[in-house]
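# Inside the fold
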Amino acid sequence: MTLLLPRRGLLRAGMAMPGLALLGHLPARADEYPFALGVASGEPGSDSVILWTRLATRWQGGGITPAPVPVDWVVARDEGLRDVVRRGRAMAVAEDAHSVHVEVTGLDPDRPYWYRFTALGAESGTARTRTAPRPGTMPAHLRFAVASCQQYEQGYYGAYRHMLAENPDLVVFLGDYIYEASWGRNLVRSHEGPSARDLEGYRDRYALYKTDPDLQAMHRACPWLVTWDDHEVSNDYAADRGEMEEGAGFLARRAAAYKAFWEHMPLPLSARPEGASARIYRRVGFGDLAGFHILDDRQYRAYQACQRPGRGGGGYVSREACAELDDPARSMLGSAQETWLREGLHGARARWTVLAQQTRMARLGTMRTPVTYWTDGWDGYPAARARLLGDLAASRAPNPLVIGGDIHAHLVAELRPDFDRPETPPVAVEFTGTSITSQGGRYRESYPADPHIAYANGSARGYLMMTLTPAAATSELRAIDDVRDRDTGLSTQRRFVLEAGRPALLPG
Ligand SMILES: [Fe+2]
């Protein structure tokens with residue numbers, strides 16, 4: 001076992017840390033602060049929310065003591081926790097790494113709540129969450145941040161400090177919460193361990209990331225909706241195939257990764273994995289203003305087209321050289337999730353239909369001849385993409401917005417079922433948010449072969465701030481100045497406004 005918590009992060013968080021100076025392989029002690037990984041909330045319903053914590057002190061390897069630990073929780077209408085509306089006790093067990101997922105119900109709609117955990121004689125500090133407005137009511141606005149890709153070694157989480165100052169109602173996290181492996185240039189801090197491959201390795205990786213004070217503060221401020229991308233398991237994996245492994249061995253790794261993901265996220269019990277399977281695609285509503293369709297494009301997808309012999313993962317291929325690319329049998333979501341999404345789109349009634357998913361959906365070919373496409377994103381599944389966008393049009397789901405991550409760039413695009421017919425009206429607008437820290441690539445000013453790309457910029461780290469009202473959706477592309485500076489400044493690269501009833505971009 002090795003030291004888990006970087007001292008600097010804890011001191012910066014300003015938390016009381018009795019026992020911090022103790023080093024060595026000690027048994028669990030009541031005077032060790034057990035909330036070192038913070039607290040979180042998620043899945044806001046109109047009368048419910050999930051509260052999360054994981055008891056851990058300084059040690060890697062899945063917790064503090066093999067014994068179950070009672071964790072008391074309280075929810076109040078006020079920050080001082082005087083007007084208590086719910087309280088209870090959960091048991092944190094070693095089997096789940098002493099994580100706790102409390103499904104609090106019976107709350108009032110559309111209001112803030114404050115909560116706190118108590119365990120082993122210590123208090124977690126007070127955090128804030130909120131409930132969603134009731135279906136049948138039209139809230140005046142919803143402000144949510146879109147975040148993804150937070151490679152710990154490649155930068156500090158200054159983006160979250162700025163996001164916190166904007167006081168969003170909700171954070172939507174679209175994958176790559178952890179990275180299983182080290183990579184990148186000019187690293188500012190270390191994973192302090194090998195690539196995660198088993199349950200202990202993934203748990204340690206989440207625990208390390210969750211010691212970051214800016215990330216903890218953002219979790220304390222509002223509920224999150226989370227989905228995963230590839231790095232929660234391994235780079236570019238597809239279903240049961242990773243880059244260098246597949247079958248039963250890979251599924252054992254995937255099971256460990258999925259378990260650790262659930263243990264560290266404010267997800268409901270319904271998302272708890274069984275073996276290598278976990279249902280995380282779901283819908284979350286925010287009154288009649290927004291309906292979120294949260295997708296999983298990793299677990300059920302076909303393998304990337306035309307893989308190199310003996311290897312999994314993505315690559316660049318042309319349609320000319322890779323007939324498999326256009327095979328309509330290939331799916332990104334899997335047939336069950338495709339059907340679930342189609343049915344949900346046909347039933348969508350909220351003013352804004354938000355598809356929260358992992359990767360860029362808009363076509364973006366290279367400038368080579370013949371044009372090549374990156375096979376790990378939706379460009380590798382063009383028939384499935386055309387099917388989805390066709391469903392979106394046929395369903396007449398109100399005002400579709402697609403939000404994405406993965407590409408470490410801000411990208412804004414109009415989406416059409418046939419990208420070769422730019423004269424046809426778009427069926428949705430896509431906003432892909434850049435990474436919190438992960439290093440990005442270069443983008444051009446314009447793409448003549450892909451005129452639906454309105455904006456692309458991979459130069460800055462940051463996030464999207466989305467504001468929905470009944471009349472308009474505004475997307476602000478936030479960029480931090482320097483990912484290597486914890487106290488970095490912030491600017492807005494661009495601002496786009498979308499009027500309800502017109503699926504096309506207006507300059508902001
Ligand atoms: Fe990423």
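All values derive from a computational prediction rather than experimental measurement.

Thresholds, definitions, all that
Residues numbered from 1 in each chain as written. Predicted model: local features only at pLDDT ≥ 70, side-chain atom pairs only at ≥ 80, totals over all residues. Heavy atoms only, no water. Axes fitted to C-alpha atoms, helices over the stretch in contact; angles between N-to-C directions. Helix = DSSP H or I, 4+ residues; strand = E, 2+ residues; numbered from the N terminus. Left-handed = near helix turned anticlockwise from the far one by under 90°. Contact = heavy atoms within 4.5 Å. Nonpolar A, V, L, I, M, F, W, Y, C, P; charged D, E, K, R; others polar. Disulfide = S-S within 2.5 Å. Buried < 20%, exposed > 50% of the residue type's maximum accessible area, 1.4 Å probe, protein only. Donors = N, O, S within 2.8 Å, 3.2 Å for Na, K, Ca; no water. Tetrahedral: all angles 85-135°; square planar, octahedral: opposite > 155°, others 65-115°. Pairing = 2+ DSSP bridges.

Interaxial distance between helix H3 (residues 199-210) and helix H5 (residues 247-264) falls to 8 Å at its minimum, and their mutual angle equals 35 degrees. For the pair H3 and H5, the sense of crossing is right-handed. Each of Leu199, Tyr202, Arg203, Tyr206, Ala207 and Lys210 in H3 lies in contact with H5, whose residues at this interface are Arg253, Ala256, Ala257, Lys259, Ala260, Phe261, Glu263 and His264. The residue makeup of the contact of H3 with H5, split by class, is eight nonpolar, one polar and five charged.

This paragraph deals with the state of the cysteines. One pass over the structure, following the stated rule, counts one disulfide. Between the sulfur atoms of cysteine 306 and its disulfide mate cysteine 322 the distance is 2.0 Å. Across the disulfide from cysteine 306 to cysteine 322, rotation about the S-S bond amounts to roughly 95 degrees, and the bridge is consequently right-handed. Residue cysteine 306 is located in the loop between strand E13 (290-294) and strand E14 (316-318), and its partner cysteine 322 is located in the loop between E14 and helix H6 (335-346); the two are separated by 16 residues in the primary sequence. Using a relative accessible area of 1% as the deciding quantity, one classes cysteine 322 as buried. In this structure cysteine 222 is not part of a disulfide, and its nearest cysteine sulfur, from cysteine 149, lies 19 Å away. The class for cysteine 222 is buried, based on a relative accessible area of 2%.

Coordination sphere of the iron ion, protein contribution only: Cys149 (SG), Asp176 (OD), Tyr179 (OH) and His408 (NE2), at 2.1 to 2.5 Å. Angles of 82 to 165 degrees at the metal separate the four donor atoms of the iron ion, which places the site in the irregular class. In the primary structure, the donors to the iron ion are separated according to the pattern C-x26-D-x2-Y-x228-H. One end of the pair, tyrosine 179, is in the loop between strand E10 (170-173) and H3; the other, histidine 408, is in the loop between strand E17 (400-404) and strand E18 (410-415), and 229 residues separate them in sequence. Just as tyrosine 179 is buried, histidine 408 falls in that class too.

Right, let's get into the environment of tyrosine 237. Topologically, tyrosine 237 is positioned in the loop between strand E11 (224-226) and H5. Put simply, tyrosine 237 and arginine 301 are 64 residues apart on the chain and 9.4 Å apart in space, counted from C-alpha to C-alpha. Apart from residues lying up to four places away in sequence, tyrosine 237 is in contact with Trp228, Asp229, Asp230, Gly242, Phe250, Arg254, Tyr258, Arg298, Gln299, Arg301 and Gln304.

It is worth spelling out the pairing of E18 at this point. The buried count for E18 comes to six of six residues, which makes it a mostly enclosed element. The alternating pattern of E18 places His410, Val412 and Glu414 on one face and Leu411, Ala413 and Leu415 on the opposite face, and all of these are buried. By the bridge criterion, four bridges tie E18 to strand E20 (residues 453-457) in an arrangement that is antiparallel. Residue pairing across strands places alanine 413 opposite isoleucine 453, the latter belonging to E20. In the sheet, E18 pairs with strand E19 (residues 428-432) via five bridges, with the strands oriented antiparallel. What sits directly across from glutamate 414, in E19, is valine 429.

Once that is clear, we can look at the pairing of strand E1 (residues 39-42). Residues Val39 and Ser41 line one face of E1 and the alternating positions Ala40 and Gly42 line the opposite face, and both faces are buried. Alignment of E1 against strand E2 (residues 49-54), held across four bridges, turns out to be antiparallel. Bridge pairing in E2 links glycine 42 to isoleucine 50.

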